[in-house]
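The lines below spell out each chain.
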Amino acid sequence: MPRLPMPQAAGLDQERRALYADVVLSSLNAAARRTLEAMMKSGYQYQSEFARSYVAKGQIEAKAHDVLAVLEARGLEIPVEVRECVLASTDLAELDRWLRRAVVASSAREVLATNGS
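Positions within a chain are numbered from 1, following the residues in the order the chain's sequence is written. For a predicted model such as this one, the threshold for reporting local features is a pLDDT of at least 70, and the threshold for listing and counting side-chain atom pairs is 80 or more; totals across whole chains, interfaces and linings nevertheless cover every residue. Hydrogens and waters are ignored; side-chain quantities use all the structure's heavy atoms.

1. Re the overall build of the protein chain
Point 1. Helix and strand assignments come from DSSP, with helices taken as H or I runs of at least 4 residues and strands as E runs of at least 2, each series counted from the N terminus. Check the secondary structure of the protein chain and you find 6 helices and 0 strands.
Point 2. For the protein chain, the sequential pattern of α-helices and β-strands runs α-α-α-α-α-α.
Point 3. Whether two residues are in contact is decided by their heavy atoms: any pair within 4.5 Å suffices. Once local pairs closer than 6 in sequence are excluded, the contacts in the protein chain between residues at least 24 apart make up 56%.
Point 4. Summed over all atoms, the accessible surface of the protein chain reaches about 8000 Å², with 56% contributed by carbon and sulfur. Under the convention used here, a 1.4 Å probe and the Shrake-Rupley method define accessible areas, while residue burial counts only the protein chains that appear.

Okay, structure coming up:
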């Protein structure tokens, strides 16, 4: 059976997420399972506000960690205030800009500069 994309569940390890997904899938009859799999493969749009905000939160957290990972991989020192600012951001577009800057910036502070793109 193809593996369904599952949103990251906050606080759950990979094994626990896999267990929960398995419980849900195994409780469905074949027709329901095929329908669910088809929905997930076709760019399923989350129906509940909770799910939409949960997925968005996960994307934001992942992007913030990506910004820091790029800076760390480049060997740039990340001051505490920069790290806190990046991790506190809730704006995906802002984090996208910071990620692009992190690739070429000469310092971590430069990534957060408001001038430029």
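That shown, we press on.
2. Some thoughts on the nonpolar core
Point 1. By nonpolar core we mean a set of buried residues, namely Ala, Val, Leu, Ile, Met, Phe, Trp, Tyr and Cys, connected to one another through side-chain atoms within 4.5 Å. Exposure classes here rest on a 1.4 Å probe applied to the protein chains alone. A residue is buried below 20% of its type maximum, exposed above 50%, and partly exposed in between. The biggest cluster of nonpolar side chains holds 17 residues, and the ones touching the most others in it are Val67, Leu71, Val86, Trp98 and Val111.
Point 2. Broken down by secondary-structure element, the contributors of at least two residues to this core are helix H3 (49-73), helix H4 (80-88), helix H5 (92-104) and helix H6 (108-111).
Point 3. Element by element, the count of residues in this core is highest for H3, at 5 residues.
Point 4. Look past the residues within four positions of Val111 in its chain and what remains in contact with it is Val67, Leu71, Trp98, Arg101, Ala102 and Ala105.

3. Regarding the pattern of salt bridges
Point 1. The term salt bridge refers to a pairing of a side-chain nitrogen on Lys or Arg with a carboxyl oxygen on Asp or Glu at a separation within 4 Å. Summed over all chains, the structure comprises 4 salt bridges.
Point 2. Asp96 serves as the salt-bridge partner of Lys63, at 2.7 Å between the closest nitrogen and oxygen. You can see Lys63 sitting in helix H3 and its partner Asp96 sitting in helix H5, a full 33 residues away along the chain.

4. Quick look at helix H2 (residues 30-41)
Point 1. Each helix should span, by expectation, one fewer than its residue count multiplied by 1.5 Å. Between its first and last C-alpha atoms H2 spans 16 Å; for 12 residues at 1.5 Å apiece the expected length is 16 Å, and the two agree.
Point 2. In protein, a polar contact requires one atom able to donate a hydrogen and another able to accept it; more generally it is a pair of N or O atoms within 3.5 Å, and residues adjacent in sequence count only if both atoms are side-chain atoms. N-capping of H2 is provided by Asn29, with a side-chain oxygen placed 3.1 Å from the backbone N of Ala31.
Point 3. Count one or two residues on from H2 and you reach Gly43, which has phi positive near 80 degrees.

5. Some words on the confidence of the model for the protein chain
For any part of a model where pLDDT is low, the fine detail of the predicted coordinates should not be relied upon.
Point 1. A residue's pLDDT is simply how confident the predictor is in it, with values from 0 to 100. Here the protein chain averages 83 in pLDDT, and 86% of its residues register 70 or above.
Point 2. Ranking the helices and strands of the protein chain by mean pLDDT puts H4 first, with 96, and helix H1 (residues 14-26) last, with 79.

6. Topic: the side chain of Arg101
Point 1. In this fold, Arg101 is placed in helix H5.
Point 2. Buried and unpaired, Arg101 has no salt bridge, with Glu94 as the nearest side chain of opposite charge at 7.7 Å.
Point 3. A polar side-chain atom of Arg101 sits 2.4 Å from the main-chain carbonyl oxygen of Ala113. Lys and Arg are tallied as positive, Asp and Glu as negative. Neither His nor the chain termini are counted.

7. Some remarks on the packing of H3 against H4
Point 1. Here H3 crosses H4 at 150 degrees, and the two axes come no closer than 8 Å. Viewed along their axes, H3 and H4 adopt a mutual orientation that is roughly antiparallel. Crossing of H3 over H4 shows right-handed handedness. Contact residues: H3 offers Ala64, His65, Val67, Leu68 and Glu72, while H4 offers Arg83, Val86 and Leu87.
Point 2. For this scheme, ten residues count as nonpolar: Ala, Val, Leu, Ile, Met, Phe, Trp, Tyr, Cys and Pro. Four count as charged, namely Asp, Glu, Lys and Arg, and the remainder, Gly too, count as polar. For the contact of H3 with H4, the residue count by class is 5 nonpolar, 1 polar and 2 charged. Angles shown run from 0 to 180 degrees and are taken between the N-to-C directions of axes, each axis being a line fitted to C-alpha atoms and, for helices, limited to the stretch in contact. For classification, angles of less than 35 degrees are called roughly parallel, those exceeding 145 degrees roughly antiparallel, those between 65 and 115 degrees roughly perpendicular, and all remaining angles oblique. What makes a crossing left-handed is the near helix being turned counterclockwise from the far one by less than a right angle; a clockwise turn instead makes it right-handed.

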